[in-house]
Amino acid sequence: MPTLQQTLADATRPLHQRIEDNPFMSALKQGEPLEAPYRWLLSKLYPFAEGAERKLIALIPETEGFDTLKRCRADVLHDDLLQLGITPESADPFLFDTIDTAGKAIGLLYVLEGSRKGGQFLSSLLKKNGTHLPMRYLLGYGETTESEWGRFCDLLERYAKEPIQNEIISGA
């Protein structure tokens, strides 16, 4: 029987592939200038991260062990945008209306935590490219990103039972 982490990976794979089809990734793959597509990417990420984190704080109690406040990093993304001369836009307050239970919020947190690993991958590509863009958000938790991911996945498996498992998958 697959783990909840594997079930979530399988369930989100099509969305993950769609997300990778964007102007930033296209420019990165084609060796084109990256500043404009990077500005676009961060501008699109911010409302999602900011809105998602608001939901997480409201729905996942700190007593659950997820360290929700520590995992919130929209403020860092906000700072990266300001360094690029962009005033970040807040999320549509209805963007996450369907995330209305702790289980769904944990699924949403799975997406954010997974994006930390993806961000580290992107930051390494940007560094190899010689880009000097602000990328604190992409760095995730720095050198502890992998261990934080493992810790999150361990916590996630505590919830691998019905009916909350279905809510987690729905939230992701």
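Residues numbered from 1 in each chain as written. Predicted model: local features only at pLDDT ≥ 70, side-chain atom pairs only at ≥ 80, totals over all residues. Heavy atoms only, no water.

Another aspect to go through is the packing of aromatic side chains. The way to describe two aromatic rings as a pair is by their centre distance and the angle between their planes. This structure, assessed with the given rule, holds 5 aromatic pairs. Where Y110 meets W149, the ring centres are 5.7 Å apart and the plane angle is 45 degrees; that geometry is what we call tilted. Of this pair, Y110 sits in helix α6 (residues 102-128) while W149 sits in helix α7 (residues 145-157), and the two are 39 residues apart along the sequence. When sorted by exposure, Y110 lands in the same class as W149, which is buried. Through pairs of rings, three or more aromatic residues link up here, namely F66, Y110, W149 and F152. (Phe/Tyr/Trp six-rings, centres within 6.5 Å; stacked < 30°, edge-to-face > 60°. Helix = DSSP H or I, 4+ residues; strand = E, 2+ residues; numbered from the N terminus. Buried < 20%, exposed > 50% of the residue type's maximum accessible area, 1.4 Å probe, protein only.)

Attention now goes to unusual backbone geometry. Located in the positive-phi region is D67, a residue other than glycine, with phi close to 50 degrees. Relative to the helices and strands, D67 resides in the loop between α3 (35-59) and α4 (68-71).

On inspection of all chains with the given rule, the structure shows 12 salt bridges. One salt bridge in this structure joins D100 and K104, with 3.2 Å as the shortest N-O distance. According to the relative accessible area criterion, D100 is partly exposed, its value standing at 46%. Three or more residues are tied together by salt bridges with common partners; here these are D67, K70, R71, E113, R116, E148 and R151. (Salt bridge = Lys/Arg side-chain N within 4 Å of Asp/Glu carboxyl O.)

Now for the nonpolar core. One finds F24, Y38, L77 and L126 to be the most contacted residues of the largest nonpolar core, which totals 22 residues. No other element matches the 5 residues that α3 contributes to this core. Not counting the four nearest positions on each side in its chain, Y38 is found in contact with F24, L84, L126, L133, P134, M135 and L138. Within the second largest apolar cluster, 21 residues are counted, among which are F96, A105, I106 and C153. (Core = buried A, V, L, I, M, F, W, Y, C linked by side-chain atoms within 4.5 Å. Contact = heavy atoms within 4.5 Å.)

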